[in-house]
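So the chains spell out like this:
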Amino acid sequence: MTHILRSVELYLVRLPLIRPFTTSSHTKDHLDHILLRARDEAGAEGWGECASAADPYYCSETTESSWHILRDFLIPELLGVSWDHPDEAAASWAKVRGNNFAKAGLEMACWDLFSRARGQSIADFLGGTRAEIHSGVSLGIEPTVASLLEQVERFLDQGYRRIKMKIGPGRDLAYLRAVRERWPDILLMADANSAYSLDNPTDVQALRALDDLNLMMIEQPLADDDIVDHARLQAQLTTPICLDESIHSVHDARKALDQGSCRIINIKVSRLGGLSEARRVHDLCSSRDVPVWCGGMHEFGVGRAANVAISSLPGFTLPGDVSGSDRAYREDIVDPPIRAHSGAIEVPRNRPGLGFDANLERIRARAVRELVLEGERRLAATHA
Ligand code: OSB
Ligand code: MG
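Bear in mind that the values here come from a model prediction, so they are computed numbers and not experimental data.

### Remarks on the overall build of the chain
Reasoning step 1: Assigned secondary structure in the chain consists of 12 helices and 16 strands.
Reasoning step 2: Seen along its three principal axes, the alpha-carbon backbone of the chain occupies a region of about 60 × 40 × 40 Å.
Reasoning step 3: Relative to all contacts within the chain whose residues are 6 or more apart in sequence, the contacts with residues 24 or more apart total 73%.
Reasoning step 4: By element, 47% of the accessible surface of the chain is carried by carbon and sulfur atoms, the whole surface being about 14,900 Å².
Reasoning step 5: Positive and negative side-chain charges in the chain, numbering 44 and 55 respectively, have mean positions lying 0 Å apart.

### Focus on the sheet that holds strand β6 (residues 137-139)
Reasoning step 1: In spatial order, the strands read β6-β7-β8-β9-β10-β11-β12; together these 7 strands make up an open sheet with parallel pairing. With one partner strand each, in any of the chains shown, β6 and β12 (292-294) form the two edges of the open sheet.
Reasoning step 2: Taken together, the 3 bridges between β6 and strand β7 (residues 163-166) define a ladder with parallel strand orientation. From the neighbouring strand, Leu139 faces β7, where its bridge partner is Met165.
Reasoning step 3: The strands that helix α10 (residues 275-287) touches are β11 (264-267) and β12; relative to β11, the one it contacts most, it runs at about 165 degrees.

### Side note on the nonpolar core
Reasoning step 1: Judged by nonpolar contacts, the single largest core of 117 residues is most densely connected at Leu10 and Leu70.
Reasoning step 2: Counting contributing residues, this core receives three or more from each of domain 1 (3-119 + 358-382) and domain 2 (124-354).
Reasoning step 3: When sequence neighbours within four positions are dropped, the list of residues in contact with Leu10 reads Ile34, Leu35, Leu36, Trp67, Leu70, Ile75, Arg369, Glu370, Leu371 and Leu373.
Reasoning step 4: Met217, Cys242, Trp293 and Leu318 belong to the second largest nonpolar core, which has 7 residues in total.

Cut-offs and rules
Residues numbered from 1 in each chain as written. Chains lettered and ligands numbered in written order. Predicted model: local features only at pLDDT ≥ 70, side-chain atom pairs only at ≥ 80, totals over all residues. Heavy atoms only, no water. Helix = DSSP H or I, 4+ residues; strand = E, 2+ residues; numbered from the N terminus. Contact = heavy atoms within 4.5 Å. Areas by Shrake-Rupley, 256 points an atom, 1.4 Å probe, with all protein chains shown as cover. Lys, Arg positive; Asp, Glu negative; His and termini not counted. Charge placed at Lys NZ, Arg CZ, Asp CG, Glu CD. Pairing = 2+ DSSP bridges. Axes fitted to C-alpha atoms, helices over the stretch in contact; angles between N-to-C directions. Core = buried A, V, L, I, M, F, W, Y, C linked by side-chain atoms within 4.5 Å. Buried < 20%, exposed > 50% of the residue type's maximum accessible area, 1.4 Å probe, protein only. Domains from an automatic or database assignment.

Everything listed here is a matter of geometry and, on its own, says nothing about what the molecule does.
Put into structure tokens, the structure is as follows:
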């Protein structure tokens, strides 16, 4: 079965967060993500989500840069091209460097369309084996230890299997220790989002002090573009380092593992430019017995469904950041809503595509901008 896209719609959708989220660099109280609907000439359709942030604080891409790259490069390259598999669709934008979040959104729409047209789930096509995935939560930096403990208790009570806490210099040991003392046996980890540096001796001391807390891992302590200093740091820590920001491709993953820069990898569909590259990183890590887990970008339901699908692969042995939508948002834009029960999310293996259906009405009600690109290359495009 061959597909030729006849149109791609872009919706810039805003959802308020239930609770403001603070990392080592900033705080946000709502998110703007781009939802894409691709339709082919035979009438099949698929949805994707570009989870770029409004700001360039996690990575260099933003909502606006992704909108631009999708509108002016990725979608015009793909419209009118015939393809039999999402990897062939992705080959149409092979010339485009970087911009992985934008690529991931469009590739996801192609995967959804491809799988729906064949009446099978994306999880099945990717080689997923799990009926359910184990779910953790990622907690922002809280203003006080008391409010942090309250949050942790709340999600443990809901059954979540692992707690991740954001940390930064001066907001690390005391917070982590308070949680560890209260819950000596939970799976606990910390995410620094590149807030530390080997140049600063007190940073190194602060990270080494965390070795006593029996953490599962420390995620991305050093610079977002580094794999060399992380190897030096890993040699001084017993706690495994997990890389997030530094890994953009299977090549990056191989180099980081060869160097000893990390012992665990966070697989994020957006950061890796799509489901296929996410699977390649999974396969590499499996071949080397390196555990992986699925990271998140507070995805809306479409992107979250893709996270559930990739997490069903056998190498995802650690609980990820894929929690129920209701942890972040009061109302989601897919049906049925994505929910965790006792810390597990069921993989919708018997539903086609992403397994959750985008609700166009709710998407349009929340959209702050819309654009339809159609026809042959960019000739018929209406620019926003
Ligand atoms: O570093 O993993 C991260 C959210 C936005 C940007 C970066 C990160 C995160 C999270 C939240 O940790 C994960 C989620 O719940 O989706
Ligand atoms: Mg991270």
